[in-house]
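# Structural characterization, general
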Amino acid sequence: MRLFVALSIPTDVRENLALLIRELRGVDPNPKWINPDNLHVTLKFIGEVGPEKVMGIGDALAAVHAQQQVIAEFRDVGFFPDARRPSVAWVGIQPPQMLSSLAAEVNRVLAPLGIRREEKPFVPHLTIARFKETRLSPALRGEIEKQKSRKFGTLSTGEFHLVESKRKSTGAEYTTLRSFRFAPEESKGS
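In this text the structure is predicted, and so the values were computed from the model without any measurement.

Another point: the confidence of the model for the protein. Mean pLDDT over the protein stands at 91; residues scoring 70 or higher make up 97%. Ranking the elements of the protein by mean pLDDT puts helix H4 (residues 138–147) last with 89 and helix H2 (residues 54–61) first with 97.

H4 packs onto helix H1 (residues 11–27) with a crossing angle of 155 degrees between their chain directions and a minimal axis gap of 9 Å. As the angle between them shows, H1 and H4 are arranged roughly antiparallel. Note on packing geometry: the crossing formed by H1 with H4 is right-handed. Across from Leu20, Glu23, Leu24 and Val27 in H1, the residues of H4 making contact are Ala139, Leu140, Glu143, Ile144 and Gln147.

What follows concerns the pattern of salt bridges. Evaluated as defined, the whole model comprises ten salt bridges. In this structure, arginine 178 engages aspartate 59 in a salt bridge whose closest nitrogen and oxygen atoms are separated by 3.6 Å. You can see arginine 178 sitting in strand S9 (residues 171–181) and its partner aspartate 59 sitting in helix H2, a full 119 residues away along the chain. Where lysine 146 meets glutamate 143, a salt bridge forms, and the shortest distance between an N and an O atom there is 3.2 Å. Taken as a pair, lysine 146 and glutamate 143 lie in helix H4 at a separation of three residues, close to a single helical turn. Residue lysine 146 is classed as exposed on the basis of its relative accessible area, which comes to 66%.

By volume, the largest pocket is sized at about 1,300 Å³. Taken together, 31 residues form the lining of the largest pocket, with His40, Thr42, His125, Thr127 and Arg130 sitting closest to its centre. Among the secondary structure elements, those contributing two or more residues to the lining of the largest pocket are strand S1 (2–7), strand S2 (32–33), strand S3 (41–48), strand S6 (125–130), strand S8 (159–168) and S9. Its residues placed into classes, the lining of the largest pocket shows 15 nonpolar, nine polar and seven charged. Space inside the second largest pocket adds up to approximately 160 Å³. The wall of the second largest pocket is formed by 15 residues, among which Ser8, Leu39, His40, Val163 and Thr176 lie closest to the centre. Those elements giving two or more residues to the lining of the second largest pocket turn out to be S1, S8 and S9. A breakdown of the residues in the lining of the second largest pocket according to their chemical character gives seven nonpolar, six polar and two charged.

Now for the side chain of lysine 44. Within the secondary structure layout, lysine 44 lies in strand S3. Separated by 2.5 Å, the side chain of lysine 44 and the backbone oxygen of arginine 116 make a polar contact. If we ignore the near neighbours within four places in the chain, the residues touching lysine 44 are Phe4, Val5, Val106, Asn107, Leu110, Ile115, Arg116, Arg117 and Glu118.

Each strand in a sheet pairs with another by means of backbone hydrogen bonds, the pair being arranged parallel or else antiparallel. With antiparallel pairing, the five strands of this open sheet are ordered in space as S2-S6-S5-S4-S7. At either margin of the open sheet sits one strand with a lone partner, and together these are S2 and strand S7 (151–157). As judged from the seven bridges shared by strand S4 (residues 70–80) and strand S5 (residues 88–94), these two strands associate in the antiparallel manner. From the neighbouring strand, phenylalanine 80 faces S5, where its bridge partner is valine 88. Against the sheet, H1 contacts S2, S4, S5, S6 and S7, and its axis sits at roughly 150 degrees relative to S7. In this fold helix H3 (residues 97–110) packs onto S4 and S5, with an angle of close to 95 degrees to the strand it touches most, S4.

What counts, and at which threshold
Once a new chain begins, its residue numbering starts again from 1 and follows that chain's sequence as written. A pLDDT threshold of at least 70 governs which residues receive local features in this predicted model, and a stricter bar of 80 or more applies before side-chain atom pairs are shown or counted, although totals over entire chains, interfaces and linings include all residues. In computing side-chain properties, one takes all heavy atoms of the structure into account and sets aside hydrogens as well as water. Confidence of the predictor at the level of single residues is captured by pLDDT, which takes values from 0 to 100. A run of H or I in DSSP becomes a helix once it reaches four residues, and a run of E becomes a strand once it reaches two; helices and strands are each numbered from the N terminus. To get an axis, a line is fitted to the C-alpha atoms, and for a helix only the part in contact is used. The angle between two axes follows their N-to-C directions and goes from 0 to 180 degrees. Roughly parallel covers angles under 35 degrees, roughly antiparallel covers those over 145, roughly perpendicular covers 65 to 115, and oblique covers all other angles. If you view the pair so one helix is near and one far, a crossing is left-handed when the near helix is turned anticlockwise from the far one by less than a right angle, and right-handed when it is turned clockwise. Between two residues, a contact is recorded if the distance between any of their heavy atoms is within 4.5 Å. Salt-bridge detection follows one rule: a side-chain nitrogen of Lys or Arg within 4 Å of a carboxyl oxygen of Asp or Glu. The buried label goes to any residue with under 20% of its type's maximum accessible area, the exposed label to any with over 50%, and the partly exposed label to all in between, with areas taken from a 1.4 Å probe on protein chains only. Every definition here rests on a 1 Å grid over the protein atoms only: cavities are sets of points where a 1.4 Å probe fits but cannot get out, pockets are open sets enclosed by protein on both sides within 12 Å along at least five of seven lines, and lining residues have some atom within 4 Å of a point. Grid points are joined across faces, edges and corners, and a volume is the space filled by probe spheres set on the points. All amino acids are sorted into three groups, where Ala, Val, Leu, Ile, Met, Phe, Trp, Tyr, Cys and Pro are nonpolar, Asp, Glu, Lys and Arg are charged, and the leftover types, Gly among them, are polar. N or O atoms within 3.5 Å of each other form a polar contact, as long as, within protein, one can give a hydrogen and the other can take it, and as long as residues adjacent in sequence are counted only when both atoms are side-chain atoms. Here the rule is simple: two strands pair whenever DSSP picks up at least two bridges between them.

The structure is reproduced here in structure tokens:
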């Protein structure tokens with residue numbers, strides 16, 4: 001089983017991102033544009049594990065707790081590693097500190113199960129496209145330059161999910177195996 005831990009994206013944010021992807025795909029259909037239904041904020045890519053490990057992974061993740069919900073804004077468009085030789089187009093997530101702390105805690109609780117800790121610093125983002133060619137078309141470069149400071153909405157959640165990814169000919173298919181409340185729900189009266 002191929003697993004990862006992620007936060008879900010609110011419907012309004014997903015719709016705004018779908019519009020961006022449609023606009024950019026209209027400028028250049030060549031990159032592999034991500035299906036907006038598959039967008040999520042990955043906290044930890046676990047990778048391939050045997051089905052017998054899923055229960056232990058779930059029990060470990062249930063121990064993750066925070067004092068408050070994650071509140072983050074989706075904004076800005078850019079590239080990894082850079083616009084000259086892009087491999088990925090992304091939408092940024094601000095502020096990253098709370099997400100980084102949550103990802104570090106997920107890493108910490110999974111390490112005793114033999115799941116490798118992430119070595120690279122956590123950079124919260126949404127991948128919206130992958131590039132086979134490391135050269136950007138001038139039209140796409142110009143359009144992304146125009147969109148680079150665009151805002152897409154806000155996420156407010158106290159829950160993350162253990163998700164299975166199955167590769168299909170039509171793209172990845174995701175199934176939520178279990179959800180975990182890591183922070184108290186915000187009270188409506190405050």
